[in-house]
Amino acid sequence: MGIYVITGASSGIGAKTAEILRERGHEVVNIDLHDGDINANLATKEGRAGALAELHERYPDGIDAMICNAGVSGGKVPISLIISLNYFGATEMARGAFDLLEKKGGSCVVTSSNSIAQGAARMDVAGMLNNSPDEDRILELVKDVDPAIGHVYYASTKYALARWVRRMSPDWGSRGVRLNAVAPGNVRTAMTANMLPEQRAAMEAIPVPTHFGEEPLMDPIEIANVMAFVASHEASGLNGVVLFVDGGTDALLNSEKVY
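As annotated in an unreviewed UniProt entry, the protein is SDR family oxidoreductase from Gordonibacter faecis. UniProt, in the comment section headed Sequence similarities (unreviewed entry), describes the protein in these words: "Belongs to the short-chain dehydrogenases/reductases (SDR) family."

A few words now on the packing of helix α1 (residues 12–23) against helix α9 (residues 220–231). It is at 8 Å that the axes of α1 and α9 come closest, and there the two elements cross at 55°. Considered as vectors, α1 and α9 are oriented oblique to each other. Relative to α9, the crossing made by α1 is right-handed. Between α1 and α9, the residues in contact are G12, I13, K16, T17, I20 and L21 and P220, I221, I223, A224, N225, M227 and A228, respectively. A per-class count over the contact of α1 with α9 returns nine nonpolar, three polar and one charged.

This brings us to the sheet that holds strand β2 (residues 27–32). Strands sit in the order β3-β2-β1-β4-β5-β6-β7 across an open sheet of seven strands; the sheet is parallel. Across the chains shown, the open sheet's two edge strands, defined by having one partner strand only, are β3 (38–39) and β7 (242–245). Bridging between β2 and β3 involves two bridges; their strand directions are parallel. Bridge pairing in β3 places D32 opposite N39.

Across soluble globular proteins, nonpolar side chains show a tendency to be buried alongside one another. I31, I63, M66, I83, C108 and Y153 are the most contacted members of the largest nonpolar core, which has 51 residues in total. Not counting chain neighbours up to four residues away, the residues in contact with I83 comprise F88, V125, L129, I138, L139, V142, Y153 and T157. Listed in part, the 22 residues of the second largest apolar core include L21, V182, A224 and V245.

Under the criterion given, the structure shown has three aromatic pairs. Ring plane angle 85° and centroid distance 5.1 Å describe the contact between Y87 and F88, whose orientation is recorded as edge-to-face. By relative accessible area, F88 is classed as buried at 2%. Ring-pair connections join several aromatic residues into one group, and the members of that group are F98, W164 and W172.

Further remarks concern α1. Across its 12 residues, α1 extends 17 Å between first and last C-alpha, which sits within 8% of the 16 Å expected from 1.5 Å per residue. Among the residues of α1, those classed as buried are I13, G14, T17, A18, I20 and L21. The arc that holds every buried residue of α1, seen down its axis, measures 160°, which confines them to one face. If you follow the buried residues of α1, they end up packed against β1 (3–7), β2, β4 (65–68), β6 (178–184) and α9. Remark: G25 follows α1 within two positions and exhibits a positive phi of approximately 95°.

We now examine the pattern of salt bridges. Summed over all chains, the structure comprises 11 salt bridges. Put simply, E135 and R48 hold a salt bridge, and the shortest N to O gap is 2.8 Å. Of this pair, E135 sits in helix α5 (residues 135–142) while R48 is found in helix α2 (residues 45–58), placing the two residues 87 residues apart along the sequence. Take E135 and R48: they sit in the same class, and that class is buried. Here K104 and D64 are joined by a salt bridge, their closest N and O atoms 2.9 Å apart. With K104 in helix α3 (residues 79–104) and D64 in the loop between α2 and β4, this residue pair connects regions lying 40 residues apart in the sequence. Taking the relative accessible area as the measure of exposure, K104 reaches 32% and is therefore partly exposed. Overlapping salt bridges bring together E102, D171 and R175 as one network.

Reading guide: rules and limits
Residues numbered from 1 in each chain as written. Predicted model: local features only at pLDDT ≥ 70, side-chain atom pairs only at ≥ 80, totals over all residues. Heavy atoms only, no water. UniProt positions renumbered as here; feature names shortened; annotations may be inferred. Axes fitted to C-alpha atoms, helices over the stretch in contact; angles between N-to-C directions. Helix = DSSP H or I, 4+ residues; strand = E, 2+ residues; numbered from the N terminus. Parallel < 35°, antiparallel > 145°, perpendicular 65-115°, else oblique. Left-handed = near helix turned anticlockwise from the far one by under 90°. Contact = heavy atoms within 4.5 Å. Nonpolar A, V, L, I, M, F, W, Y, C, P; charged D, E, K, R; others polar. Pairing = 2+ DSSP bridges. Core = buried A, V, L, I, M, F, W, Y, C linked by side-chain atoms within 4.5 Å. Buried < 20%, exposed > 50% of the residue type's maximum accessible area, 1.4 Å probe, protein only. Phe/Tyr/Trp six-rings, centres within 6.5 Å; stacked < 30°, edge-to-face > 60°. Expected span 1.5 Å × (residues − 1). Arc of directions from axis to C-beta. Salt bridge = Lys/Arg side-chain N within 4 Å of Asp/Glu carboxyl O.

Set out below in structure tokens:
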């Protein structure tokens, strides 16, 4: 059985993924702000460093998978938190665990979002994250941005995260570590519950074909089952993939786009 590390597994998609993996006999380590096996604030450099140090101390012989799932929506939170947790919290934890993954020929999965294909992301913000990843400087630049437009920065961080996966996956794959992204659709979690009323109304107006005529939000287990598979050795042929798990929403909205 394997050792699976998940960030943000105290609730939502992460919790369901951890549940599935434990049922299959794997050891699961939850890194989260509260109620984790390792408690850490992954929105800070110090929190990431501490979590990675503990991870290396616990598993010097390596881990089988790292699922970077911790994140926050663009609802009622500071823009700086969206930037630090969604992008740097994922990429820096993945980089920091690479050597442990390399020891066991493991895989890394990050949580993106199907919002990356819906036009909300700002390419200048995504480009800044990908091409000039100075976290302190970026946080200084966004310190006065109104949280009311947090959904734009949410989509931008998730776009940058997907692009980071595409850029890094060839090198990581050549060194025995697969790197993929899962892009969920609209899911019923604490994150979506935290949205502003107008944001939630707009989200629920986007149809999920597999839920036609039913509850407009997907269940976390629909995403978690895919997460567990993509992270597993059974998915050995997947590398550099941004996998939309949205019940067909992206296909509906972008039916002519095949790549």
